[in-house]
Amino acid sequence: MDKQKIIGREYELKEMKRCVESNRSEFVVVYGRRRVGKTFLVDYFFDGQYDFSFVGGHKLKKAKQLSNFAKELKKAAGLKKQPLLSSWEDAFDALEEYLESLPRDRRKIVFIDEMPWIDTPKSEFVEALEYFWNSWGSRRNDIVFIATGSASSWMMDKLVENKGGLHARLTNNIYVRPFTLKETEEYLLDKGIIWDHYKILQTYMVMGGVPFYLSLLNPEEDLIANIDRLFFRKNGELATEFDELYDAIFTGAGKYLQIVDLLYKHKEGLIFDQIREITKIEGKRLTKLLRNLERCDFIVSFSQFGNKSKGKIFRLLDFYTLFYYKFLANNDSKDELWWTHNFSSPSVLSWQGRSFELVCLQHIPQIRFKLGISGISTSASSWRYLPNKNNSEESGAQIDLVIDRNDHTINVCEMKFSVGMYSINKEYEAKVRERMSLFQERTKTVKSIVSTFITTYGVVNAHSHSIVHKEIMAEDLFCI
């Protein structure tokens, strides 16, 4: 059977190669959101050739986990009898004994998948792992120990930011991100799905760049039929995904969902103090929750241009979550062809506008590339102006993407989705001019301001000539 092709992941594969070729033992953590392809990445690189591998079982008790571990050890070591393991200390002692029996002149590869599931209450798994690595693995130069898990909060707390025995003992942590638009296009082509950039953009706005979600698309159906089958048909595979998504990734998912729900309701985003005030989550805990959500690409934060003391603006970024909240969470229609019947409705058009903005925010490197400023130092931020409450005549303004460049230039970006070329009418032209003027006045910047429109197919009509200095189209976001 031919080896399955891998899309993208050049950096991740390079890091794996570096670890395997090093002259020391390596403890490598591979983490990322559920369904993003962590196990596939590791299996692809090693071609499934491990000296020992084990997959933690979801919601299995300690005794069953240990029994499964013993079963895999019996298989790997060629033992006649399955060892009896009463603790994780016993398990790692047995693994150590087996690995010591292998030739010393080659690397020994150990892969433990879904590690967070192994750490059941009172299992003492982490303590046993710490002792195994500190007392034995790290003192050798021939062990490559790889741990993966979808429960990213556990991976960060117990491994990457461990304050105990594993503190500073990890040699590499690899975060597996969702695909970009270009990688999504390559993935779909590999599946035999030949869609234009507009249709791929629409797909991305529904599913993001999550490989597993994309793998569920049927090449023999158009996008509309695929969405109906996956989301709106009874027990559709992605209709029920939300029930497990956050629980699988985050320990104590309720607080995370509280934040996600809040940010969904505030499309313009909220700063830390606003989130704390509404959720009543204590500051230190909230910092940790927001950090974990951002690390998994569920939210995104931008500092405020020209006034970092006001704090970052946090926005919901996960496309699947946004789609679920908008069209499924409160949909009682039982219409299994709901998308077919509603895909051109005002509700869908509103969602497309919000989702397109998020696509742009997730593709800032591509925007920089098309602007020809990849070689210039830049910073991306948002800008928000709230008028004085006592001045009822003054209006506020927000710009979601400001690219501040080191060449004395600022790109102020407008992101607009449309089914054709975007038309700027007289009223909108006046609104853009007012916002640009307010930005320049309030920030007191002396840099040149470049009004930059990012649209699906470009901008058309006379009112665009003096306020559109640079244009980027959706197809440009597929550039790298």
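Chemist: Would you explain the overall build of the protein chain in this entry?
Modeler: When its secondary structure is counted, the protein chain shows 20 helices and 15 strands. Expected size for 480 residues packed as a compact globule is a radius of gyration near 23 Å; at 25 Å, the protein chain falls within 12% of this value. Overall, the protein chain is about 80 × 50 × 45 Å in size when its C-alpha atoms are taken along their principal axes. Scored against the burial criterion, the 480 residues of the protein chain give a buried share of 52%. Contacts spanning at least 24 positions in sequence make up 71% of the contacts within the protein chain whose residues lie at least 6 apart. Carbon and sulfur atoms make up 49% of the accessible area of the protein chain, which totals about 22900 Å². Of the charged side chains in the protein chain, 68 are positive and 65 negative, and the gap between their average positions amounts to 3 Å.

Chemist: Mind showing me how you'd approach the state of the cysteines here?
Modeler: Between two cysteines, a covalent bond joining their sulfur atoms is known as a disulfide. Tallying each qualifying case throughout the model produces zero disulfides. Unpaired in this structure, cysteine 479 has its nearest cysteine sulfur neighbour in cysteine 360, at a distance of 12 Å. Taking relative accessible area as the criterion, cysteine 479 reaches 23% and is therefore assigned partly exposed.

Chemist: I'm lost on the nonpolar core in this one. Help?
Modeler: Most often, soluble globular proteins keep nonpolar side chains buried together rather than apart. Leu159 and Phe231 are the most contacted members of the largest nonpolar core, which totals 124 residues. Not counting the four nearest positions on each side in its chain, phenylalanine 231 is found in contact with Val206, Met207, Leu238, Ala239, Tyr320, Phe323 and Leu328.

Chemist: Explain the pattern of salt bridges here, please?
Modeler: If the charged atoms of two oppositely charged side chains come close together, the side chains can form a pair. Counted under the stated rule, the structure contains 29 salt bridges. In this structure, glutamate 241 engages arginine 35 in a salt bridge whose closest nitrogen and oxygen atoms are separated by 3.4 Å. On the criterion of sequence distance, the pair formed by glutamate 241 in the loop between α11 (223-232) and α12 (242-249) and arginine 35 in the loop between β1 (26-31) and α2 (38-46) is long-range, its members being 206 residues apart. We classify glutamate 241 as buried; its relative accessible area is 2%. If you follow the salt bridges from partner to partner, you end up with Arg34, Arg35, Glu241 and Glu244 in one network.

Chemist: I would appreciate a short explanation of the pairing of strand β4 (residues 143-149) in the present structure.
Modeler: Walk down a regular strand and you will see the side chains alternate between the two sheet faces. The element β4 is largely enclosed, with a buried count of seven among its seven residues. Neither face of β4 is open: one carries Ile143, Phe145, Ala147 and Gly149, the other Val144, Ile146 and Thr148, and all of them are buried. Sheet topology note: the β1/β4 ladder contains six bridges and is parallel. Along β4, the bridge assignment pairs phenylalanine 27 with phenylalanine 145.

Chemist: Is there a simple way to think about the sheet that holds strand β3 (residues 108-113) in this case?
Modeler: Sheet strands associate in pairs through backbone hydrogen bonding, adopting either a parallel or an antiparallel arrangement. A sheet is described by the order of its strands in space; here five strands give the open sequence β2-β3-β4-β1-β5, paired in parallel fashion. Of all strands in the sheet, those with a lone pairing partner are β2 (52-55) and β5 (172-175), marking the two edges. The mean angle between the axes of side-by-side strands here comes to 15°, regardless of whether they run parallel or antiparallel. By the bridge criterion, four bridges tie β1 to β5 in an arrangement that is parallel. The partner of valine 29 across the bridge, within β5, is asparagine 173. Packing against the sheet, helix α6 (residues 125-135) makes contact with β1 and β4, and its axis sits at approximately 155° to β4.

Chemist: Explain the environment of glutamate 97 here, please?
Modeler: The residue glutamate 97 is located in helix α4 (residues 88-100) in this model. Here the alpha-carbon distance between glutamate 97 and leucine 129, two residues 32 residues apart in the chain, equals 15 Å.

Chemist: What is the right way to read the side chain of glutamine 65 from this model?
Modeler: When you line up the elements, glutamine 65 lands in helix α3 (residues 62-77). A residue is classified by how much of its surface remains accessible, and glutamine 65, at 0% relative accessible area, is buried. Apart from the residues lying within four places of it in its own chain, the contact partners of glutamine 65 are Phe54, Gly56, Gly57, Leu60, Trp88, Trp117, Ile118 and Thr120.

Chemist: Looking at this structure, how should I read the sheet that holds strand β9 (residues 378-385)?
Modeler: If you walk across this open sheet you meet the five strands as β9-β10-β11-β13-β15, and the pairing is mixed. Each having just a single partner strand, β9 and β15 (470-473) make up the two edges of the open sheet. Direction aside, neighbouring strands of the sheet carry axes that sit 30° apart on average. Pairing between strand β10 (residues 397-405) and strand β11 (residues 409-416): four bridges, direction antiparallel. What sits directly across from valine 402, in β11, is valine 412. Its contacts with the sheet place helix α20 (residues 426-443) against β9, β10, β11 and β13 (448-455), and it is angled at close to 145° to β11.

Chemist: Explanation requested: the pairing of β2 in the structure shown.
Modeler: What you see with β2 is a clean split: Phe52 and Phe54 sit on the buried side and Ser53 and Val55 on the side with no burial. By the bridge criterion, four bridges tie β2 to β3 in an arrangement that is parallel. Residue pairing across strands places phenylalanine 54 opposite isoleucine 112, the latter belonging to β3.

Chemist: What exactly am I supposed to notice about α3 here?
Modeler: Under the 1.5 Å per step criterion, the end-to-end length of α3 is 22 Å for 16 residues, consistent within 8% with the ideal 22 Å. Within α3, burial applies to Gln65, Leu66, Phe69, Ala70 and Leu73. Down the axis, α3 shows its buried residues gathered within 135° of arc, on one side only. Close packing links the buried residues of α3 with β2, α4 and α5 (115-118). Phi turns positive one or two residues past the end of α3, at glycine 78, with a value near 70°.

Reading guide: rules and limits
Residues numbered from 1 in each chain as written. Predicted model: local features only at pLDDT ≥ 70, side-chain atom pairs only at ≥ 80, totals over all residues. Heavy atoms only, no water. Helix = DSSP H or I, 4+ residues; strand = E, 2+ residues; numbered from the N terminus. Rg over C-alpha atoms; globule rule 2.2 N^0.38 Å. Buried < 20%, exposed > 50% of the residue type's maximum accessible area, 1.4 Å probe, protein only. Contact = heavy atoms within 4.5 Å. Areas by Shrake-Rupley, 256 points an atom, 1.4 Å probe, with all protein chains shown as cover. Lys, Arg positive; Asp, Glu negative; His and termini not counted. Charge placed at Lys NZ, Arg CZ, Asp CG, Glu CD. Disulfide = S-S within 2.5 Å. Core = buried A, V, L, I, M, F, W, Y, C linked by side-chain atoms within 4.5 Å. Salt bridge = Lys/Arg side-chain N within 4 Å of Asp/Glu carboxyl O. Pairing = 2+ DSSP bridges. Axes fitted to C-alpha atoms, helices over the stretch in contact; angles between N-to-C directions. Expected span 1.5 Å × (residues − 1). Arc of directions from axis to C-beta.

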